[in-house]
Amino acid sequence: MNNEQELAYLEDSTNYMTPQMFQEYKWGLRRLEPFTCPKGRPPMPSFDYVVMFEVQYGCGLRITEVLQLIKEDFDLQHKILKLYNPKTKKGGYQKTTLPPYLIPTLENYLARFSNSDQVFPINRQNAWRYAKDAGRLAGLSIFEEHENHDIEGVWTHMFRKACSKRMSLFPPTRGLPRIPKTFIFLLLPEEMMRPLKL
């Protein structure tokens, strides 16, 4: 890439994944061949990666939190997800809201697991590679500049940042209390509310 191409790329890139970009990203996820894990675990099917990144994007989780989830962490009836041993180390577990549009997909998806089964049985490196390659396949121009290094393309922490950014776009309304972030999903665009097809 010459300097002119690099400048054009940087001008067209973003460090935030919009809902439209996420739809394009899922297109890339569905078309990637599954990777094999160095530990010899069987790879997850591409649909499992779609569900995994939907949960991360919708709930704003760290990738390690997503990969530690077991079936009984999902309380679909109350739309609650329990996170044990989160990075904040507050002890016990923390709860976060599951987006309502994910509930039908998760009902079908989780039916094949027993309560103690790890839902996404891959490692961080595998998730990172899959995220990176799916973004590349979808043609997403994403770039983030840091003091010590730059990140080009999709990376797993981007989904957490995108969730936070989406929720920050809902300012308080004058005279009304601020909408709790757990109810933001009621205001998402309709295309985000459709369940995934199995």
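Procedures and definitions
- Residues numbered from 1 in each chain as written.
- Predicted model: local features only at pLDDT ≥ 70, side-chain atom pairs only at ≥ 80, totals over all residues.
- Heavy atoms only, no water.
- Helix = DSSP H or I, 4+ residues; strand = E, 2+ residues; numbered from the N terminus.
- Buried < 20%, exposed > 50% of the residue type's maximum accessible area, 1.4 Å probe, protein only.
- Contact = heavy atoms within 4.5 Å.
- Areas by Shrake-Rupley, 256 points an atom, 1.4 Å probe, with all protein chains shown as cover.
- Pairing = 2+ DSSP bridges.
- Salt bridge = Lys/Arg side-chain N within 4 Å of Asp/Glu carboxyl O.
- pLDDT = per-residue confidence, 0-100.
- Core = buried A, V, L, I, M, F, W, Y, C linked by side-chain atoms within 4.5 Å.

Peer 1: Please clarify how the overall build of the protein should be interpreted in this entry.
Peer 2: When helices and strands are tallied, the protein shows eight helices and five strands. Element order for the protein, N to C, with α for helix and β for strand: α-α-α-α-β-β-β-α-α-β-β-α-α. Burial statistics for the protein: of 198 residues in total, 44% are counted as buried. At a minimum sequence separation of 6, the contacts of the protein that also span at least 24 residues come to 65%. Of the roughly 11400 Å² of accessible surface on the protein, 51% is carried by carbon and sulfur atoms.

Peer 1: Just checking my understanding: could you explain the sheet that holds strand E2 (residues 80-84) for this structure?
Peer 2: Backbone-to-backbone hydrogen bonds join strands into a sheet, with any given pair of strands oriented parallel or antiparallel. Spatially, the three strands line up as an open sheet ordered E1-E2-E3, and their pairing is antiparallel. Bordering the open sheet on either side are strand E1 (74-75) and strand E3 (93-97), each of which pairs with just one other strand. In the sheet, E1 pairs with E2 via two bridges, with the strands oriented antiparallel. Following the sheet pairing, Asp-75 is matched in E2 by Ile-80.

Peer 1: Can you walk me through the pattern of salt bridges in this structure?
Peer 2: Two side chains carrying opposite charge are able to pair once their charged atoms lie near each other. The full count for this structure, using the stated rule, is four salt bridges. Across the pair Arg-112 and Asp-48 runs a salt bridge, and its minimum N-O distance is 2.4 Å. Within this pair, whereas Arg-112 is found in the loop between helix H5 (103-110) and helix H6 (124-138), its partner Asp-48 is found in helix H3 (residues 46-59), the two being separated by 64 residues in sequence. A residue is classified by how much of its surface remains accessible, and Asp-48, at 5% relative accessible area, is buried. In this structure, the salt-bridge partner of Arg-62 is Glu-65, at a minimum N-O distance of 2.9 Å. Relative accessible area serves as the criterion here: at 17%, Arg-62 is assigned to the buried category.

Peer 1: Even after reading the chapter, I still don't get the environment of Ile-103, so can you show me in this structure?
Peer 2: Mapping Ile-103 onto the fold places it in helix H5. Measuring from C-alpha to C-alpha, the distance between Ile-103 and His-78 comes to 10.0 Å, with 25 residues separating the pair along the chain. Apart from the residues within four sequence positions on either side, Ile-103 is in contact with Leu-76, Lys-79 and Leu-98.

Peer 1: Is there a simple way to think about the confidence of the model for the protein in this case?
Peer 2: Predicted coordinates in areas of low pLDDT are best not read in detail. On average, residues of the protein carry a pLDDT of 76, and 69% of them reach 70 or more. Note that residues 5-13 has pLDDT below 50 and, in this model, 13 contacts with residues that lie over four places away or in other chains. Contacts of residues 178-196 to residues separated by more than four positions or lying in other chains number 38 contacts, the stretch itself having pLDDT below 50.

Peer 1: Any chance you could explain the nonpolar core here in plain terms?
Peer 2: Within soluble globular proteins, side chains that are nonpolar generally end up buried alongside one another. Counting 50 residues, the largest nonpolar core has Met-17, Tyr-25, Met-52 and Phe-120 as the members making the most contacts within it. When residues of this core are traced back to their parent elements, those giving at least two are helix H2 (19-31), H3, helix H4 (63-67), E2, H5, H6 and helix H7 (157-168). Broken down by element, this core gets its largest block of residues, nine residues, from H3. Ignoring anything within four residues of it in the chain, the contact list for Tyr-25 reads Met-17, Phe-53, Tyr-130, Ala-131, Ala-134, Gly-135, Ala-138, Leu-140, Val-154 and Phe-159.

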